[in-house]
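Chain and residue survey
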Protein chains: 2
Amino acid sequence: MRKPKIVILGAGYGGLMTTVRLQKHLGVNEADIVLVNKNDYHYETTWLHEASAGTLHHDKVRYDIRDVIDRSKVDFVQSTVVEIKKDEKKVILENGEVEYDYLVIALGGEPETFGIKGLKEYAFGITNVNSSRLLREHMEYQFATYNMEEEKDDTRLTIVVGGAGFTGIEFLGELTNRVPELCHEYDVDQHKVKIICVEAAPTVLPGFDPELVKYAVSQLERKGVEFLIGTAIKECTPEGIFVAKGEDEPREIKAGTVVWAAGVRGNSVIEKSGFEAMRGRVKVQPDLRVPGFNDVFILGDSSLVINEEINRPYPPTAQIAMQQGEVCARNIAALVRNKQDLEEFKFDNKGTVCSLGEDDAIGVVFGKKITGASASFMKKVVDNRSLYMIGGAGLVLKKGKFNIF
Amino acid sequence: MRKPKIVILGAGYGGLMTTVRLQKHLGVNEADIVLVNKNDYHYETTWLHEASAGTLHHDKVRYDIRDVIDRSKVDFVQSTVVEIKKDEKKVILENGEVEYDYLVIALGGEPETFGIKGLKEYAFGITNVNSSRLLREHMEYQFATYNMEEEKDDTRLTIVVGGAGFTGIEFLGELTNRVPELCHEYDVDQHKVKIICVEAAPTVLPGFDPELVKYAVSQLERKGVEFLIGTAIKECTPEGIFVAKGEDEPREIKAGTVVWAAGVRGNSVIEKSGFEAMRGRVKVQPDLRVPGFNDVFILGDSSLVINEEINRPYPPTAQIAMQQGEVCARNIAALVRNKQDLEEFKFDNKGTVCSLGEDDAIGVVFGKKITGASASFMKKVVDNRSLYMIGGAGLVLKKGKFNIF
C-alpha cells in the first residue's frame, strides 16, 4: 500500500512546529513527510528587530533545520515555492515539483506597503535574515560615510521608522541602545543622530493596554525617539519620506535610512495559486483546512482566524502559528489514520511581551500587566520557549537567551 | 625674554616623532611647542590595509595623541590647516590661526590619481581611518546587498585593486584572508567573489627583489587574485573601471568595489601656500629646511629626499619620516640654543617588509631576503618598533602586535 505523502511548505514557526510534531505522532511506515523551505535554516522572526538594529548577530537568530528534524522520517527540500496547483495536488518549486496527499501551507507573510509610493524600492524591512542584515549594514554604511563627506549631511544620520506597532516599537528599543555604540564605532557626535517614528494610527501599539503604551512611549522618548502619531507616510524617496497629518499638505523628512515596519499581509503564493483570500490571508475552517479543500491546511501569517470575542482577526504572531502547528499535526495524523473527526483550533493567548531593548519591556502575561526588568525577563522566557517547543532543551542551550538577570 | 614658539603641523610619523623628541631635548623654559592635528588621534598609516580589509579593527590602528605627548611642554590644538602664510610666519587654521618662530610641516600625503577620470569620485582609498572604515563597510554592504537581490549581480562581489605597489599588495594579502570570513558572514558562495589587481607598471612591487616579487605573486594568485600587469586604468565609473593594455581599446571590468592604492603625492596645503613643489613635494635641504626659509622644516610625504646612489627620490615611508623627525628635533633644539651648525639628514634603510596577510610576508632586512613566517614575524617587529620609537614600551604593550608565533 502506498504511504500518504505530507508536504509542508515553509519552516517558520507554524511549518516547523507541524513537522516536529508530525515526526513524533507518525511512524516511519505511516507517511512520507516532505518539508520544503527556501533556506536551510529557520529564523526567529520575533528576534529580527535585534539583528536589524545590530544588537544581536544574525547567526544567533537562526538555526539549521536539519538540527531539529528527524531525517529518518522527514525529507528536507531546499527550494522556493512558485505556485500550488491545488486541483492537480502538486506544488511547483523553483527547481522541480512535488505531489502531495496532504499539504500544509505555512509560507509566512510579506510586508504590506498599502500601495505607498517608493516604499518597496527605498525602505528597508525587518522581514528575514537577509533584509535585517542589509538594514544593519546600511545604517553602519551611513555612519561610516558621514565622516568622509566634506560637506556633512546630517540627514544621513536620521533614521525613520514607519509604524509604531509591535515590530516598530521593538526595533526602536534596540536601536536606541545601538546608537551610542554606532556613534562610538564611527566617531559620530550622538547629538547629530535623529530617530523618528511615524504612525498613521492615532496611537502607538494599537490594541495594547494604554497604561503600558504610555510607559513605552515615555521610555523611548527619553532615549531620543521623536513620535509623529496620526501621521501617514505619503511617499518614500531615495532622500527620505513625505508625511502628512490628516488633510495637511505633505512635508518632507530627509533621512538616510527609512525602515518600514508597519504591516504584514499573506504570502503572494496564496493568491497566485487561486485561493480566495483577503490581503493574501485565507479564512480557514476551525480545523485549519481551506474551505472546499479537505487536503490543504494553512497556518500562520497566511491564515485568518477570527477572535470571536471582538469579531476581528487575531494578529499574526509566532504564538498563534505554533499553536496552529500543534493542532495541524494532530489533525493530519488523524486523517492519515482515517479518522475524520478533526480537532478545532482555539487560540490560547498566554500573553504578549513587547521588548523595549536589552533590559526593558512591557507586557501582559497571564492577564497581569508588567513593565521594566520583570517584563524583559519574561520576554526572554518567551523567546526561549519557542526554541524549546520546536527543538527541545538542546536547542535552548545552543541558541537561548540567558542574559536574563 | 620671549620663548621661541615651535609649531608642528601633523601628528603622523614625522610630526609626532619630532614632538616627542623635542619635548625630551628642550626644557619647559626654552620653548613653547604647539602640535596641530586634524584628529585627536595618531593613526598607523602602515596598518591601514588591515583596517580597510576588515582584518583589524580601526581602533587598533590609532591611539590618542595626548597619551604620548608631555602636556606640560606641548600644547595640542585639534584643527585642520588651511594655509601657511610663510612671509607672515603664521598658519591659518580652520578655526583660528597660530604664529610661529619655527615651523615643522608634516601634514602627510594625499592620494595621487594622475588625472584618471572618476577615480576621485568612485574609488575607495586606503588613506586614513575614515576612508579605511568606509572601504570596509562598503565591501560588507555589497556582500549584504547581494543576497537581497532578486536578480543576482555577481559583479557586486568583484573587488578591483588599482596598484600593485606596497599598499596594494599588502591590502590584497589581507583581503584574501578576509574574503572567506565575508562569505561566511553574508552567506555568499566564495566562487562568486573575484579579486583583480590592475597595475600600469610592467611589474608587481617595482623596486623590490624579483625573486621576492615572484613569491608574492604566486602566493596571492594561489589565494585567488588575478593580476593584470602593464595594464592601465583609463576611467572609473559607478559600475567599475575601464582598462587598457598599451594602445589597446579600453575594456570594461564591472566591479562593486574599486580601491585606488597606486600613488601618493604631497599635501595640497604645500602648493596652496606657495612653496615650490613637484606633485606637492618640496625638495628640502640636507638639514630638512625649505630652501630660502630658515625657519621652516618639511618632513615625510611632502618632502623630497634624493637617494644619491640611484639619483632618484626615496619613496615616502614611515621609516624615513620617523628618521627625519629625529633629525628635525635635534636641529630645532640647536636653533633654539642659537647653534647654527645643523645636522644633515641621511636615510639609514633598515629594510622593508611587505605583508601578504596575517602569516606571510616578503622582505629585505639588514640586506637579507626573507619570506613566509619569518618575514611575517619581522613585519610585526617593525610595526611594534614604530610604537616604541614614539610612545615607548607602554604604547607597545597597549597597541602592539603580539600574535607573532
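Residues numbered from 1 in each chain as written. Chains lettered and ligands numbered in written order. Predicted model: local features only at pLDDT ≥ 70, side-chain atom pairs only at ≥ 80, totals over all residues. Heavy atoms only, no water.

**A few points about the environment of B:Val381**
Structurally, the position occupied by B:Val381 is in helix α9 (residues 372-399). Between the alpha carbons of B:Val381 and B:Lys398 there is a distance of 15 Å; along the sequence they are 17 residues apart. (Helix = DSSP H or I, 4+ residues; strand = E, 2+ residues; numbered from the N terminus.)

**Overview of the packing of aromatic side chains**
All names here are of chain A. Summed over all chains, the structure comprises 11 aromatic pairs over all chains. The interplanar angle of 75° and the centroid separation of 4.8 Å between the aromatic rings of Tyr314 and Phe347 together place this pair among those described as edge-to-face. With Tyr314 in the loop between β25 (312-313) and α8 (318-336) and Phe347 in the loop between α8 and β26 (351-355), the pair connects residues that are 33 residues apart, well separated along the chain. For the residue pair Tyr314 and Phe347, the accessibility class agrees, reading buried in each case. (Phe/Tyr/Trp six-rings, centres within 6.5 Å; stacked < 30°, edge-to-face > 60°. Buried < 20%, exposed > 50% of the residue type's maximum accessible area, 1.4 Å probe, protein only.)

**Description of the relation of the copies chain A and chain B**
Overlaying chain A with chain B gives an RMSD of 0.0 Å, the required rotation being 180° about an axis along which the chain moves by 0.1 Å. Given the turn and translation reported, the copies of this chain are related as if by a two-fold rotation axis. Taken together, the interface assignments show that 100% of the residues at the interface of chain A recur at the interface of chain B, consistent with an identical surface on both copies. (Least-squares fit on C-alpha atoms with pLDDT ≥ 70 in both. Contact = heavy atoms within 4.5 Å.)

**Digging into the domain arrangement of chain A**
By the assigned domains, chain A splits into domain 1 (5-38 + 79-111 + 265-349) and domain 2 (119-262). Computed from C-alpha atoms alone, the centre-to-centre distance between domain 1 of chain A and domain 2 of chain A is 34 Å. (Domains from an automatic or database assignment.)

**Focus on the side chain of A:Ser79**
Relative to the assigned elements, A:Ser79 resides in the loop between β5 (74-78) and β6 (81-85). A polar contact of 2.4 Å, which involves the side chain of A:Ser79, links it to the side chain of A:Asn95. (Polar contact = N/O pair within 3.5 Å; in protein donor to acceptor, adjacent residues only side chain to side chain.)

**Comments concerning the UniProt feature "domain: FAD/NAD(P)-binding" (unreviewed entry) in chain A**
Taking the UniProt record as the reference, the feature "domain: FAD/NAD(P)-binding" (unreviewed entry) is found at residues 5-325 of chain A. End C-alpha atoms of residues 5-325 of chain A are separated by 17 Å, and the span's content is 27% helix alongside 31% strand. (UniProt positions renumbered as here; feature names shortened; annotations may be inferred.)

**A look at the interface of chain A and chain B**
How large an interface is tends to be reported as the accessible area lost when its parts come together. Counting residues at the interface gives 23 residues for chain A, matched by 23 residues for chain B. When chain A packs against chain B, the two sides together hide about 1900 Å² of surface, and 50% of this comes from carbon and sulfur. Between B:Arg136 and A:Glu185 there is a salt bridge whose closest N-O contact spans 3.4 Å. Every element with two or more residues in the side of chain A that touches chain B is listed here: α4 (129-146) and α5 (166-185) of chain A. Ranked by residues supplied to the side of chain A that touches chain B, first place goes to α4(A) with 11 residues. Its residues assigned to classes, the side of chain A that touches chain B comprises six nonpolar, nine polar and eight charged. (Buried area = accessible area lost by both parts, 1.4 Å probe. Salt bridge = Lys/Arg side-chain N within 4 Å of Asp/Glu carboxyl O. Nonpolar A, V, L, I, M, F, W, Y, C, P; charged D, E, K, R; others polar.)

**A word on α8(A)**
All names here are of chain A. If you check α8, its first and last C-alpha atoms are 27 Å apart, about what 19 residues at 1.5 Å a residue would give, namely 27 Å. Buried residues dominate α8, accounting for 18 of its 19 residues. Looking one or two residues past α8, Asn338 carries a phi angle of roughly 65°, positive in sign. (Expected span 1.5 Å × (residues − 1).)

**Re the packing of helix α1 (residues 13-25) of chain A against helix α9 (residues 372-399) of chain A**
Residues and elements named next belong to chain A. Interhelical geometry of α1 versus α9 gives an angle of 40° and a closest axis separation of 9 Å. Across the interface between the two elements, Tyr13, Leu16, Met17, Val20 and Arg21 of α1 pack against Ser386, Met389 and Ile390 of α9. Across the contact of α1 with α9, the residue classes break down as six nonpolar, one polar and one charged. (Axes fitted to C-alpha atoms, helices over the stretch in contact; angles between N-to-C directions.)

**Remarks on the sheet that holds strand β28 (residues 368-371) of chain B**
Strand pairing within a sheet occurs via backbone hydrogen bonds; the two strands may be parallel or antiparallel. Residues and elements named next belong to chain B. Pairing within the open sheet is antiparallel, and its three strands lie in the order β26-β27-β28. Both outer strands of the open sheet, β26 (351-355) and β28, are each paired with one neighbouring strand and no more. The mean inter-strand angle of the sheet, taken between neighbouring strand axes irrespective of direction, is 10°. Sitting on the sheet, helix α6 (residues 210-222) is in contact with β27 (361-365) and β28, with an inclination near 165° to β27. (Pairing = 2+ DSSP bridges.)

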